[in-house]
Amino acid sequence: MTTTDTTIPVRLPREVNVVNIGLPLFAEAIAEQKRPVIQVDWRIPGGGDTTVVAALRRLYGPHTAKIDAANKEVFRRLDRGAPQLVAVRTAADVIPILAEGRVLLHCGPRIAIEDTVDPLRRSMRAAVCAEGWARSPEEADELLRDGSVRLEPANAHGVVVPMATAMGPRTPVWAVELADAGITTYAPIGQGPGDVAWFGRDTPGAIARLVLLREAVGPVLAAAVAEAGPVDVMSLAAQAVAMGDDVHVRTQAATNLLLRNLLPALVAGDHPRRTEVATFLSGNHLLFLTLAMASARALTGWAAEVEDSSIVTGMARNGTGFAAWLAGPSADWHVAPAPMVERALYQPGRSEADAAPDIGDSSVLELVGLGGAAAAGSPAVAQIVGGTMAAAAELTGQLDQVCVGNSSRFMIPVWGMKGSPVGVDVRKVVELGITPQVTTGILHNADGSGQVGAGVATAPVQPFVEALMALDARLGGEA
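Residues numbered from 1 in each chain as written. Predicted model: local features only at pLDDT ≥ 70, side-chain atom pairs only at ≥ 80, totals over all residues. Heavy atoms only, no water.

1. Details of the layout of surface pockets
What counts here: Cavities and pockets are defined on a 1 Å grid built over the protein atoms alone: a cavity is a set of grid points where a 1.4 Å probe fits but cannot escape, while a pocket is an open set with protein on both sides within 12 Å along at least five of seven lines, and lining residues are those with an atom within 4 Å of any such point. Grid points are joined across faces, edges and corners, and a volume is the space filled by probe spheres set on the points. We count a stretch as a helix when DSSP gives it H or I for four or more residues in a row; a strand needs E for two or more, and each element gets its number in order from the N terminus. Polar here means any residue other than Ala, Val, Leu, Ile, Met, Phe, Trp, Tyr, Cys and Pro, which are nonpolar, and Asp, Glu, Lys and Arg, which are charged; Gly is therefore polar.
As a volume, the largest pocket reaches approximately 450 Å³. Around the largest pocket sit 23 residues that line it, and Val249, Leu286, Gly441, Gln451 and Ala454 are the ones nearest its centre. Volume-wise, the second largest pocket comes out at about 190 Å³. Lining the second largest pocket are Val220, Leu259, Leu263, Leu266, Val267, Arg274, Val277, Ala278 and Leu281. Breaking the lining of the second largest pocket down by element, the ones donating at least two residues are helix 9 (252-268) and helix 10 (274-282). Of the residues belonging to the lining of the second largest pocket, the class tally is eight nonpolar, no polar and one charged.

2. Here we look at the state of the cysteines
Note the threshold: Put simply, a disulfide is two cysteine sulfurs that come within 2.5 Å. Partly exposed residues are those whose accessible area sits between 20% and 50% of the maximum for their type, while under 20% is buried and over 50% is exposed, using a 1.4 Å probe and protein chains only.
All chains considered together, the criterion is met by zero disulfides. Take Cys107: it sits in no disulfide, and the sulfur closest to it among the cysteines is that of Cys129, at 18 Å. Since its relative accessible area comes to 0%, Cys107 is described here as buried.

3. Observations regarding the sheet that holds strand 12 (residues 334-337)
Threshold: Only strands that DSSP links by at least two bridges are regarded as paired with each other.
Pairing within the open sheet is antiparallel, and its four strands lie in the order 12-11-10-14. Single-partner strands in this sheet number two, and they are strand 12 and strand 14 (359-360). Bridging between strand 10 (residues 312-318) and strand 11 (residues 321-326) involves five bridges; their strand directions are antiparallel. Note that in strand 11 the partner of Ala316 across the bridge is Ala323.

4. Overview of the sheet that holds strand 6 (residues 166-167)
The condition that has to hold: Two residues form a contact once any of their heavy atoms are found within 4.5 Å. For helices, the fitted axis covers only the stretch in contact; all axes are lines through C-alpha atoms, and the angles between them, taken along N-to-C directions, range from 0 to 180 degrees.
Reading across from one edge, 5-4-6 is the order of the three strands in this open sheet, with mixed pairing throughout. Edge positions in the sheet fall to strand 5 (150-153) and strand 6, since each of these pairs with one other strand and no more. Two elements, strand 4 (residues 103-106) and strand 6, share two bridges in a ladder whose sense is antiparallel. In the sheet register, Leu105 faces strand 6, and the bridge partner there is Met167. Packed onto the sheet, helix 5 (residues 118-130) meets strand 4, strand 5 and strand 6 and runs at close to 145° relative to strand 4.

5. Digging into helix 7 (residues 204-228)
Our working definition: What a helix is expected to span follows from its residue count: subtract one and scale by 1.5 Å. The seven residues ending at a residue and the seven starting there each receive a fitted axis; the angle between those axes is the bend at that residue.
In a regular helix each residue adds 1.5 Å, so 25 residues correspond to 36 Å; helix 7 covers 34 Å between its end C-alpha atoms and thus fits that length. Along helix 7, the helix axis deviates most sharply at Leu213, where the bend reaches about 45°. One or two steps after helix 7, the chain reaches Gly229, where phi turns positive at roughly 90°.

6. Observations regarding a nonpolar patch on the surface
Quick note on the threshold: The patch calculation keeps residues exceeding 30% relative accessible area without a salt bridge and links them within 9 Å when they carry like charges or within 5 Å when they are nonpolar (Val, Leu, Ile, Met, Phe, Trp, Tyr). Residue burial considers only the protein chains on display, and all accessible areas are found by Shrake-Rupley using a 1.4 Å probe. We define a salt bridge as a contact between a side-chain nitrogen of Lys or Arg and a carboxyl oxygen of Asp or Glu at a distance within 4 Å.
A cluster of nonpolar side chains, namely Val19, Ile21, Ile38 and Val40, defines an oily patch on the protein surface of about 360 Å² accessible area. Counting residues per element, the ones that place at least two in the nonpolar patch are strand 1 (18-21) and strand 2 (37-40). A residue is classified by how much of its surface remains accessible, and Ile21, at 57% relative accessible area, is exposed.

Structure below.
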């Protein structure tokens, strides 16, 4: 029988350096004692769901070669495609669904009128009035409730709309062409700040702004674009990123670059309301936003033609639901409740109690290297997330962990001249539990007062889990 000599003293080390995996509480306790500690941000893959873990094992295992080859092509299309602004058109002339009568295109996944949040419903009412289908918001609401006006998700028709936008047939739209793919996508000309429908207002001023866009701004810009010729949108966006834009919550530099390109043609125009239009354009610092969105939608539309990829090519929100989908022509939309906007900077007197959930199609920008992906170089984003560039860089760094590569055009000077992350890989999202974070505005949830702040919305993980499982099933899965 062997015995243990318990008289030998236990000798503890004099210096302790700790690597902690798991609960940060242990690392925090050691740090409080002024000892060296490294916290490893490790999470159970797939949240510990054995079915999800099995799917991850297959998608990283037997299916890896097929997926990685598809992802390489998707990344190339997202990174190298060169969408061009070619025209400004009337929506019904180029978007077939809007030529079918009383139809509105709205942000996010498909939604019934009774499920719309307050700002989106107000925007729909304003659009119905601007189209001349109703004489008041109250009358417009009746038409919406009884189904006289049909609702369609803009994304399903090659269109993207910002915030709480609803657009009708007479809306002037940017037409963006991706010649390599034979794709043309559309987005409405931005309504600008203030008393506007895309911020969830249905006031006389908001309706008048929609009419101004249709009767004056659209025609002036259409003539200018026709005279100036195609505009390389992503080239302007790349310059703007180097100047501090994230091209989502801040587009001042990009807007100025666009107007500089169009200036000779704008000045040469003879529209009788050109001075009024010039005043509008000079005050619309967000003009480039929807143009960038249409360009991003062209890139993701081209990428979506590739089969067997695990890269996310669509994200959209309507204030009720958040949808995500993968590349592949048969990919389904996966929907979860829309998140609230966090890490927010509110206007004076406003707080999270006033905030509507995340809304708009602008999250397409994060998929091509803009928005949160370019936050590291944007002082405007830094102000929203705590006032430091390090906090802004954290947003970009988080997204970098779940992307397949880095942009060759959106170079971030203060991030070591590294390109912004591009190509959100659903495998990495589900494995690490890190979802895209979207820089965005915040609308009031009930009173129609418009924008009350800006912040960061973190996408829910469930649509990505569902997309992963659907990809696994398409590639064969296992019993």
